[in-house]
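Coordinate analysis (summary)
Read off the chains here:
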Amino acid sequence: MAARDYYSRGQNLVYNRPVLAIFAVIGVFLVFDIFRQLGTGTIAVTDLVSYLWNGLVLGMSLGLAGVGLSMTYSILNFANFAHGDLITSGAFAGWATAFLIAGLGEFSIESLILIGGPIAVGSNELGINVVNTPLALLAGLLVAAVLTAALSLLLDRIVFKPMRSADGVTLMIASVGVALFLRNFLTYSFLTDSRGLTGGNVPQFTIAGVTFGGHQITLVVVAALLMLGTHILLQYTKIGTAMRAMAANKDLAKVTGIPTERVVKLTWIIGGGLTGCAGFLIALQQGTLTVTMGWDLLLLVFAAVILGGVGSIYGAMVGGVILGIASRLALVWIPASFLLVAAFVIMIVMLLVRPSGLFSGRTTA
Amino acid sequence: MSTGSLQTWAEGWLGNNDVRLLIALALAIGGLYALFSVVLGFQLNGTVNTLRRVAFLSAIYAMLALALNLQWGYAGLFNLGAAGFMAIGVYTMGILTAPVTASPPGFGLPLPVAIVGAILVTGIVGGLAALPAIRLRADYLAIVTVAFSEIVRLTLRAPEFANTRIAGVAFGTGGATGLSLPSNPIRILFYTDPAATAPAPNALGAAIFSAVEPLGIEQTLVIGWAYVVALCLCLGLLYWLMIRIGKSPFGRVLKSIREDQQVTQALGKDTRLFKIKTFALGCALMGLIAILWRLSGGYASPRMFKPIQTFYIFIALFIGGTGSPTGSIVGGALFASLLFEGPSFIRRVVAEYLQLSNAPDTLVGALAELGTLDITPLLAYSVQDVSISALRLMLLGIVLVYLMQRHPDGLLGHRKAIASSVALSQQATREDDNE
């Protein structure tokens, strides 16, 4: 009985969703191929574990960066292309603070704040890492969150609030303008390509040949805590309920007496804060800061959010982790220069097969 | 409001004649640049070269905006992957024309054959990309197409395809270093053997070169201007084609899809097929225009096809106003001359006039002097290579936000080509204007 049931379901799938069936077959084949390659020794177990670990780290970065994007996408109904540059802004603000606290007294304020400037202090002179200077990093994380939230509010006030009634495409194009402005304002202010951040001996653990970096672990743990906090906030507080109501039906929420403008503000504050944290942590894990770091991540973050389902916080987290692991695992078959290509292909396939995402229908929960 | 009254005045004066409007615009932009150059005493050769650059970019962006307008302004397809299709066109042409013995090798085909091949390839790829993509919402379509253009760029940049051999055929994209393209085809007009390193001019070339040499104008500049003239002819042809398409039954279906897809379907039109055709045609045109763009430089690299390239075209399109071919040309010309080339020209003016001392190292250093009301350090800081290009892009960002907030229809958007063949109601369009 059960076997026939599965058979008919399979038949349904092939007839009704042929594209999905094809991708499912390819997916199953790839999983088997990994085991085959493990069996024949083409890839070592340690390689596979380190792909999985690096994929998890990338996935948590994308997930944390994606929560804010997902929230604004579902509540304001537009794809915010400036989100990547909010990530960068958070990283710049947070790291300026971390440098300032770690090096105050020893170096001039100007040379510390201008993280990227030609007279800036080198990263090895400060030796910032999670063991040497935990307080500087904590302060940096907080400032990154606060300033990015403030920046989001400011941008909303100047750019997006006057066009609340505009359609999604118009808002999206305006956000491209914001992205251009933010990124180049940072370039203009800091005149830099890239900058080293961390120094000293960063602790790391090697278990059975796989290296787990101290900053990678920091990112995963802090990101997980922040996402848990966001979940509690949205699930168990009044403001969370209001946000979910607005994401589900804006007009109905307004009629019910939910102060929609205040909810929008809070969305920017929470989303912006998380985005700033994400920027700071990603820069910590990468050990370098570039003006284009957020923009380069943006499409991947979009991919994570779409994969999980726009508006779903769990979706952003799960989508990020799946995408991170899948794109790193892809290294089993493809060269490293196609890593991003693999991630984008996953996103496009997802949009074609199931545009509502894995967690479809659950908005902001 | 002042722009509105200016518009009415200008339109009354130009008598609603689009060609006269475009010529007036070209003269105004050229005159502005020439005036500044003369007042500042720049060399004639340099001035003529600046004008050539502005005219060249204006023509290219006007054409690209026209092609994008076909997709977005007529059919409502939001293609944020224009740069990717441009790259496909240029690289197909480059690989088809590269000599078999070159590194990376190509197919050694003559240029006209290669251009036709590139247009076909771009059109087919565009059609295939549209096949699944057009089902998507506009914002998802935007994300998918920008991801597609990044996939194209990353693939062209990948070392694996820089110099490769597939099924026994050796070819290559040149990877991150780029690909050399054939020399400028317009040189045939002036030289007996244009492929030679120091070619001898033919009768026409000799006559023109000797005429302009006393004025200090170099041969390369004459060739550059000849290319611009050829581009303007292409632009005119494309403009005519767009107006024809807009007035044809095909174009009317496109505009009705833009207005209301369900009604169009109810009238028995296969909107899917129309969208795929339009997408493919627009992409093929972008491939061709990108070839015209890069042929003058003789070189292409993946860096030229970043998403910012697509945003440039969109800014040009939005300045002019979507849905109006004349608007696309106006937008392309204004974007290229004022926003794209303007800042570097202003920078030359500032450098010429102010005899700036050494630029401060940091923005803090530049701002410190502001207390004493001395703005020269800030100016010196701002006209450096990095900061002037950053300022230009900041300006583009502000323009984009301003346009979306105040004039989402652009300068000539009120003249959006209407879906019906006759104006149904003048009153209704007036009301739209006031929104």
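Per an unreviewed UniProt entry, chain B carries the name Branched-chain amino acid ABC transporter permease and comes from Haloarcula argentinensis. Here is the UniProt Subcellular location (unreviewed entry) comment for chain B, exactly as written: "Cell membrane".

In the annotation of an unreviewed UniProt entry, chain A is listed under the name Branched-chain amino acid ABC transporter permease and assigned to Haloarcula argentinensis. One UniProt comment on chain A, placed under Subcellular location (unreviewed entry), says "Cell membrane". UniProt, in its Sequence similarities (unreviewed entry) section for chain A, records the words "Belongs to the binding-protein-dependent transport system permease family. LivHM subfamily."

Next up on the list: the overall build of chain B. Across its full length, chain B holds 18 helices and four strands. A burial count over chain B gives 45% of its 435 residues as buried. Taking contacts inside chain B between residues at least 6 apart in sequence as the whole, the part at least 24 apart equals 71%.

Bringing the overall build of chain A into the picture now. Within chain A, the secondary structure is distributed over 15 helices and four strands. Within chain A, residue pairs in contact and separated by at least 24 positions form 79% of the contacts whose partners lie at least 6 positions apart.

A word on the UniProt feature "transmembrane region" (unreviewed entry) in chain B. Residues and elements named next belong to chain B. According to UniProt, the "transmembrane region" (unreviewed entry) feature falls on residues 20-42, 54-74, 80-101, 113-134, 222-242, 279-299, 311-340 and 386-404. Within the segment residues 20-42, helix and strand shares are 91% and 0% respectively, and the terminal C-alpha atoms sit 30 Å apart. For residues 279-299, helix accounts for 81% and strand for 5%, while the C-alpha atoms at its two ends are 27 Å apart.

Residue and element names in this part refer to chain A. Look at Asn77: it is not a glycine, yet its phi comes out positive at around 60°. As for its position among the elements, Asn77 is in the loop between helix H3 (45-76) and helix H4 (83-103). Of the residues examined, Asn77 has 17 C-beta atoms within 10 Å and is grouped as partly exposed.

All names here are of chain A. Relative to strand S3 (residues 210-213), strand S2 (residues 204-207) runs antiparallel, the two sharing four bridges. Residue pairing across strands places Gln204 opposite Gly213, the latter belonging to S3. As consecutive antiparallel partners, S2 and S3 are separated by two residues, and within that stretch Ala208 has a phi angle of approximately 50°, a positive value.

Moving on: the packing of H3(A) against helix H9 (residues 214-236) of chain A. Residue and element names in this part refer to chain A. In contact at an axis separation of 9 Å, H3 and H9 are set at 35° when each is read in the N-to-C sense. Of the two elements, H3 crosses H9, and the hand of that crossing is left-handed. Counting all contacts with H3, which are made through Leu56, Val57, Met60, Ser61, Gly63, Leu64 and Val67, the residues of H9 involved are Gln216, Leu219, Val220, Ala223, Ala224, Leu226, Met227 and Thr230. Its residues assigned to classes, the contact of H3 with H9 shows 11 nonpolar, four polar and no charged.

Residues A:Gly240, A:Ala242, A:Met243, A:Arg244, A:Met246 and A:Ala247 constitute the buried set of helix H10 (residues 238-248) of chain A. For H10(A), the elements touching its buried residues are H3, H9, helix H11 (250-255) and helix H12 (260-286) of chain A.

So, about the confidence of the model for chain B. Residues and elements named next belong to chain B. Across chain B, the average pLDDT comes to 81, with 88% of residues at or above 70. Averaged pLDDT values for the elements of chain B fall to 45 in helix H18 (residues 426-434) and rise to 93 in helix H4 (residues 82-97). This stretch, residues 426-435, has a pLDDT under 50; its non-local contacts, to residues over four places away or in other chains, come to one contact. Taken together, the chains of this predicted complex give a pTM of 0.87 and an interface ipTM of 0.85.

Glancing now at the domain arrangement of chain A. Residue and element names in this part refer to chain A. Taken as a whole, chain A is organised into domain 1 (1-42) and domain 2 (43-353). Using only C-alpha atoms to locate each centre, domain 1 and domain 2 end up separated by 34 Å. Contacts between the two partners involve seven residues from domain 1, matched on the other side by seven residues from domain 2. Across the side of domain 1 that touches domain 2, the residue classes break down as five nonpolar, two polar and no charged.

Moving on, we come to the environment of B:Leu379. With respect to the helices, strands and loops of the structure, B:Leu379 is situated in helix H16 (residues 376-382). Counting along the chain gives 13 residues from B:Leu379 to B:Ala366, while the straight-line C-alpha distance between them is 8.2 Å.

Rules used in this analysis
- Residues numbered from 1 in each chain as written.
- Chains lettered and ligands numbered in written order.
- Predicted model: local features only at pLDDT ≥ 70, side-chain atom pairs only at ≥ 80, totals over all residues.
- UniProt positions renumbered as here; feature names shortened; annotations may be inferred.
- Helix = DSSP H or I, 4+ residues; strand = E, 2+ residues; numbered from the N terminus.
- Buried ≥ 20, exposed ≤ 12 C-beta atoms within 10 Å, placed from the backbone.
- Contact = placed C-beta atoms within 7 Å.
- Pairing = 2+ DSSP bridges.
- Axes fitted to C-alpha atoms, helices over the stretch in contact; angles between N-to-C directions.
- Left-handed = near helix turned anticlockwise from the far one by under 90°.
- Nonpolar A, V, L, I, M, F, W, Y, C, P; charged D, E, K, R; others polar.
- pLDDT = per-residue confidence, 0-100.
- Domains from an automatic or database assignment.

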